[in-house]
Amino acid sequence: MIYITGDIHREQDIHKINPREFEAGNHLTPDDYVIICGDFGCIWDGGSGDRFWLNWLESLPWNTLFVDGNYENFDVLKTYPVVDYKGGKARQIRSNIYHLMRGEVYEIDGHSFFTFGGAYSHDLHYRTEHVNWWKDEIPTKAEANNALRNLERRGWKVDYVLSHDVYASHPFSNKYEVTLSPYGQDYVDIHDLLETINQKLTYDVWFCGHYHGDFIHYDQKKPCITLFTMSCCSKSLKSICRCSSRQADE
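The structure displayed is predicted, hence computed values, not measured ones.

K.L.:
Account for the overall build of the chain, with residues named and values stated.
P.N.:
Secondary structure assignment for the chain yields five helices and 13 strands. The C-alpha radius of gyration of the chain comes to 17 Å, within 12% of the 18 Å expected for a compact globule of 250 residues. With the principal axes as the frame, the chain shows a C-alpha extent of 45 × 45 × 35 Å. Across the 250 residues of the chain, 58% fall into the buried class. If you take every contact in the chain between residues at least 6 apart in sequence, the share linking residues at least 24 apart comes to 70%. Averaging the locations of the 25 positively and 36 negatively charged side chains of the chain gives two centres separated by 5 Å.

K.L.:
Just give me the short version of helix 3 (residues 141-153), but keep the residues and values in it.
P.N.:
For helix 3, which comprises 13 residues, the first-to-last C-alpha distance of 18 Å matches the rise-based estimate of 18 Å (1.5 Å per residue) to within 8%. Along helix 3, the residues classified as buried are Ala144, Asn146, Ala147, Asn150 and Leu151. Projected onto a plane normal to the axis of helix 3, the buried residues spread over an arc of 160° and lie on a single side. Opposite the packed face of helix 3, turned more than 90 degrees from it, sit the exposed residues Ala142 and Arg153. Just beyond helix 3, the residue with positive phi is glycine 155, at close to 70°.

K.L.:
Go over the pairing of strand 9 (residues 160-163), please, and point to the residues and values.
P.N.:
Taking every second residue as pointing to the same face, both faces of strand 9 are buried, with Tyr160 and Leu162 on one and Val161 and Ser163 on the other. Alignment of strand 8 (residues 111-116) against strand 9, held across four bridges, turns out to be parallel. Note that in strand 9 the partner of phenylalanine 113 across the bridge is tyrosine 160. Following the chain from strand 8 across helix 3 to the adjacent parallel strand 9, one finds a crossover that is right-handed. Sheet topology note: the strand 9/strand 10 (residues 205-208) ladder contains three bridges and is parallel. Note on strand 10: the bridge partner recorded for valine 161 is tryptophan 206.

K.L.:
Residues and numbers for the environment of tyrosine 176, please.
P.N.:
Within the secondary structure, tyrosine 176 sits in the loop between strand 9 and helix 4 (190-200). Taking the C-alpha atoms as reference, tyrosine 176 lies 9.5 Å from aspartate 123; in sequence the two are 53 residues apart. Residue contacts for tyrosine 176: discarding those within four places in its chain leaves His122 and Tyr211.

K.L.:
Go over the environment of glutamine 12 with me, naming the residues and quoting the values.
P.N.:
Of note, glutamine 12 is situated in the loop between strand 1 (2-5) and strand 2 (33-37). A sequence separation of 29 residues divides glutamine 12 from glycine 41, and the C-alpha atoms of the two residues are 9.1 Å apart.

K.L.:
Could you give me a rundown of the sheet that holds strand 8, with the residues and numbers involved?
P.N.:
Strand order in the open sheet formed by six strands is 7-8-9-10-12-11, and the pairing between neighbours is mixed. Each edge of the open sheet carries a strand with a single partner, namely strand 7 (104-108) and strand 11 (215-219). Across this sheet, the average inter-strand angle for adjacent strands is 25°, counted without regard to direction. Lying over the sheet, helix 3 contacts strand 7 and strand 8, oriented at roughly 160° with respect to strand 8. Across the face of the sheet, helix 4 comes into contact with strand 8, strand 10, strand 11 and strand 12 (222-226) while running at roughly 155° to strand 8.

K.L.:
Describe the nonpolar core, with residues and values.
P.N.:
In terms of nonpolar packing, the biggest core is built from 29 residues, with Phe114, Leu151, Val158, Leu201 and Trp206 touching the most fellow members. Only strand 8, helix 3, helix 4 and strand 10 provide two or more residues apiece to this core. Considering each element in turn, this core owes the most residues, four residues, to helix 4. Setting aside residues up to four positions removed in sequence, phenylalanine 114 forms contacts with Gly103, Glu104, Val105, Ala147, Leu151, Val158, Tyr160, Val161, Leu162 and Ile197. Core analysis: the second largest hydrophobic core is formed by 24 residues, Leu28, Cys42, Trp62 and Phe74 among them.

K.L.:
Account for the pattern of salt bridges, naming residues and giving values.
P.N.:
Summed over the entire model, instances satisfying the criterion amount to 10 salt bridges. Across the pair arginine 154 and glutamate 107 runs a salt bridge whose closest N-O atoms are separated by 2.9 Å. On the criterion of sequence distance, the pair formed by arginine 154 in the loop between helix 3 and strand 9 and glutamate 107 in strand 7 is long-range, its members being 47 residues apart. We classify arginine 154 as partly exposed; its relative accessible area is 33%. A salt bridge links arginine 127 to aspartate 123; its shortest N-O distance comes to 3.0 Å. Judged by its relative accessible area of 12%, arginine 127 falls in the buried class. Overlapping salt bridges bring together Arg10, Glu11, Asp45 and Asp50 as one network.

About the thresholds
- Residues numbered from 1 in each chain as written.
- Predicted model: local features only at pLDDT ≥ 70, side-chain atom pairs only at ≥ 80, totals over all residues.
- Heavy atoms only, no water.
- Helix = DSSP H or I, 4+ residues; strand = E, 2+ residues; numbered from the N terminus.
- Rg over C-alpha atoms; globule rule 2.2 N^0.38 Å.
- Buried < 20%, exposed > 50% of the residue type's maximum accessible area, 1.4 Å probe, protein only.
- Contact = heavy atoms within 4.5 Å.
- Lys, Arg positive; Asp, Glu negative; His and termini not counted.
- Charge placed at Lys NZ, Arg CZ, Asp CG, Glu CD.
- Expected span 1.5 Å × (residues − 1).
- Arc of directions from axis to C-beta.
- Pairing = 2+ DSSP bridges.
- Right-handed = clockwise from strand over helix to strand, strands pointing away.
- Axes fitted to C-alpha atoms, helices over the stretch in contact; angles between N-to-C directions.
- Core = buried A, V, L, I, M, F, W, Y, C linked by side-chain atoms within 4.5 Å.
- Salt bridge = Lys/Arg side-chain N within 4 Å of Asp/Glu carboxyl O.

Have a look at this one:
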């Protein structure tokens, strides 16, 4: 089984993957996956707080996978080793916890996933660089080029996309006013980059987080599902499309 959710923000929202609330988690095994679409947050202080939550996550039976969001400590995240994982490069955090890196493609349970984390922080002017805000929350040119190369090798076709933020034509991309000016010349607009990928890539479903709600948007009949609660997926992942479509209709 594969389960997908949005932001857990360490102790703030991690309760939603606690088996006491996430009842299906009581039946998962090491062959199953819980994927978090950014704002993992359990790599934040590099100290006892991180260790407490990572120890707890490692004790759970399933594999926890995440793309990065804009609430991660990128200085600490980059200290974890990069390993080969499911056909792509990933950072191994613990024995069953992996950071799915930007621009990689993974084969998970018979499905291909393109991953690209990161997002703008609309409140960055109230935060301090290298304390609770990092420029690396949005992609570098090197990360963008890595994504395009990997998708070219795949013939611009995958089953699913996992991101934190959305592409430029998605209505949520205009929810907050953002600018590249705080970041510098080595960084690229994540909305524009994801839009380029969205227009060229053949995929079945795009999953993202960041906007703290459950929504579905169709672009050229392709669903982009924004998640905050936990969504269950069958082996084919088709159930999440039907479930989210019903929620959107309601």
